[in-house]
Structures are given as structure tokens and as C-alpha cells.
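# Examining the three-dimensional arrangement
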Amino acid sequence: MKNLLILASGSGSNAENIARYFSKHKSIRVAAIGSNKTKAYVLERAKQFQIPTFTFSNSDLREPEAGSFWEPYEIDYIILAGFLLKIPEWLIHKFTDRIINIHPALLPQYGGKGMYGMHVHQAVYDNREKQSGITIHLVNEQYDEGRIIFQANTELTAEDQPNDIAQKIHALEYQYFPAVIEDYIQSHSIDS
Ligand code: GAR
């Protein structure tokens, strides 16, 4: 069994979708969900799946001792689903090629510090883009610059407001993120 840790800072609709997808899976399961926000709705969503949760502070995460939060769950992969803190180097080294992030735009466009959630959709809207999309990538030391493992795009119309763009992007995320995680883990586990 491969154990996933999901880290999320907010609503957690992707975390829920991933938890549902793997709830009856033979070889992959969501073992725990962690958040840097004690009031994040993702912690509520975890309850229906009986997934254990924990919270930590921004400074906790900077120290390798933070690993003790998820040590009981024997984590193999970390999934960032709307997680807004920078992943520290110690964690990247410990989980090389085993941390997967989703970004709500077509990287390398609309990436980098400050580019998350609605900020991304607002910028896409302001630039009158004709399309946007999602990028699923491995996490390295630079924000949004790790190896891309999947992208999908969606057309935008002149009528689409930032909220409409957000909805289109969420639909793509729900459609693809769990299956991309599954494919990546299954092929990565064979390689390693
Ligand atoms: C998602 O759209 C995700 O791509 C984005 O935050 C949203 C979280 O929604 N992530 C980033 O912007 C990371 N840079 P959710 O909490 O409903 O899953």
C-alpha cells in the first residue's frame, strides 16, 4: 500500500475529490491530511472519510522535526492540493520526486510567488487570455518550477469572469488530478 499525505490550506475540494477517488483503491490510500490553517474547511471534509488530520504552523514546517506530525502514517507521497506554504528544502530532499503539486494555470505562465487561487484567475482575466488550464508537477526548490507531469487546458470566452474561470479550472482539476497521481505513483513505484 502506498500512503498519501495531502497538504491543503483552504477549502479542500481537491483533497476531498482525491480522498473519494482512492477510498476503495487496492494499492493507494490517503493516510492523512495536514493543514497550516486550524480553520481550513479541508479538516471538516476529512471526517467523512475517517482520514486523520493534523495542523502545524508555518515555522513548524521549516524544521525537520515537523516530520513527526505524519510519522505514524508511513507516508510515501505528499500531494499539495491548494497548499500555500513554500515547501522547505529538508522536505524536498526527503521526498525527492515524491511531492506533487497542482497549479491552476498553464505553467510557466502565471506561476511564482503570490500566484495562487483567485490571484491566478484574476491575472488570466486581466490579460484577456483565450485559454487557461492546470499543471500538475513535481516540487523542487523553486516555486512552480518542478518537472511537469501533466497539463490540460480549457477555452475561455470573452464573457468568462474570474469566478467562471475558477469553476472551469476546478472542473479540470477534479477530472484529472486523482488519475494523474495514480498513474505517476504506479509508474514511479515500478521504476524505484
Ligand atoms: C486549486 O485550484 C489549486 O489548483 C490551487 O488552489 C485551489 C485549491 O482549491 N492551488 C494553487 O493556487 C497553488 N499555487 P481547493 O481547496 O478547493 O482544492
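Residues numbered from 1 in each chain as written. Predicted model: local features only at pLDDT ≥ 70, side-chain atom pairs only at ≥ 80, totals over all residues. Heavy atoms only, no water.

### Points about the sheet that holds strand 3 (residues 53-55)
Rules: Paired strands, as defined in this entry, are two strands with at least two bridges between them according to DSSP. By definition, any uninterrupted DSSP run of H or I lasting at least four residues is a helix, any uninterrupted run of E lasting at least two residues is a strand, and each is numbered from the N terminus. As a rule, the C-alpha atoms of each element are fitted with a line to give its axis, helices using only the stretch in contact, and angles between N-to-C directions run from 0 to 180 degrees.
The mixed open sheet is built from seven strands, whose spatial order is 3-2-1-4-5-6-7. The sheet is open, and its two borders are formed by strand 3 and strand 7 (148-155), each paired with just one other strand. The sheet shows a mean angle of 20° between the axes of neighbouring strands, direction not considered. Bridge analysis of strand 2 (residues 28-35) against strand 3 gives three bridges, and the strand direction is parallel. What sits directly across from isoleucine 33, in strand 3, is threonine 53.

### Overview of the packing of aromatic side chains
Any aromatic ring pair is given by two values, namely how distant the centres are and how the planes are angled relative to each other. This is how it is decided: Side-chain rings of Phe, Tyr and Trp (the six-membered ring for Trp) are treated as a pair once their centres are within 6.5 Å; stacked means planes under 30 degrees apart, edge-to-face means over 60, and tilted covers the remaining angles. Buried, partly exposed and exposed residues are distinguished by accessible area as a fraction of the type maximum, computed with a 1.4 Å probe on protein chains only: under 20%, between the cut-offs, and over 50%, respectively.
Applying the stated criterion across every chain yields a total of nine aromatic pairs. Centre to centre, the rings of phenylalanine 54 and tryptophan 70 are 6.2 Å apart; their planes meet at 35°, and the pair counts as tilted. Note that phenylalanine 54 is positioned in strand 3 and tryptophan 70 in helix 4 (residues 67-70), a separation of 16 residues in sequence. Accessibility classification places phenylalanine 54 together with tryptophan 70 in one group, the buried group.

### Quick look at empty space enclosed by the protein
Defined as follows: Residues are called lining when one of their atoms sits within 4 Å of a cavity or pocket point, these points coming from a 1 Å grid over the protein atoms alone, where a cavity is a set in which a 1.4 Å probe fits but cannot get out and a pocket is an open set with protein on both sides within 12 Å along at least five of seven lines. Grid points are joined across faces, edges and corners, and a volume is the space filled by probe spheres set on the points. Each residue is assigned to one class: nonpolar for Ala, Val, Leu, Ile, Met, Phe, Trp, Tyr, Cys and Pro, charged for Asp, Glu, Lys and Arg, and polar for all the others, Gly among them.
Under the definition given, this model contains one cavity of 30 Å³ or more. The calculated volume of the largest cavity comes to roughly 40 Å³. Ala105, Leu106, Gln109, Tyr110, Val124, Glu129, Gln131 and Ser132 are the residues that line the largest cavity. When its residues are assigned to classes, the lining of the largest cavity shows four nonpolar, three polar and one charged.

### Remarks on the site of the ligand
Put simply, the rule is: The rule for a residue being near a molecule or strand is that one of its heavy atoms must lie within 4 Å of it. Under this definition, polar contacts are N or O atom pairs within 3.5 Å; protein pairs additionally need one hydrogen-donor-capable and one acceptor-capable atom, and for neighbouring residues in sequence, both atoms have to be side-chain atoms. Any molecule with more than half of its atoms within 2 Å of a cavity's or pocket's grid points is counted as sitting in it.
Near the ligand, the surroundings consist of 13 residues, among which Gly12, Ser13, Asn14, Gly117 and Glu173 are the closest. Between the ligand and histidine 103 there is a distance of 3.4 Å, counted from a nitrogen atom to a side-chain nitrogen or oxygen. Glycine 117 is positioned such that a nitrogen or oxygen atom in its backbone is 2.9 Å from an oxygen atom of the ligand. Put simply, the ligand lies in the largest pocket. Going through the elements one at a time, helix 1 (13-21), strand 5 (99-103) and helix 7 (162-191) are the ones with two or more residues in the shell around the ligand. Residue composition of the shell around the ligand, grouped by class: four nonpolar, eight polar and one charged.

### Notes on the environment of glutamate 159
With respect to the helices and strands, the residue glutamate 159 is situated in the loop between strand 7 and helix 7. A relative accessible area of 60% means that glutamate 159 is categorised as exposed. Measuring from C-alpha to C-alpha, the distance between glutamate 159 and isoleucine 185 comes to 39 Å, with 26 residues separating the pair along the chain.

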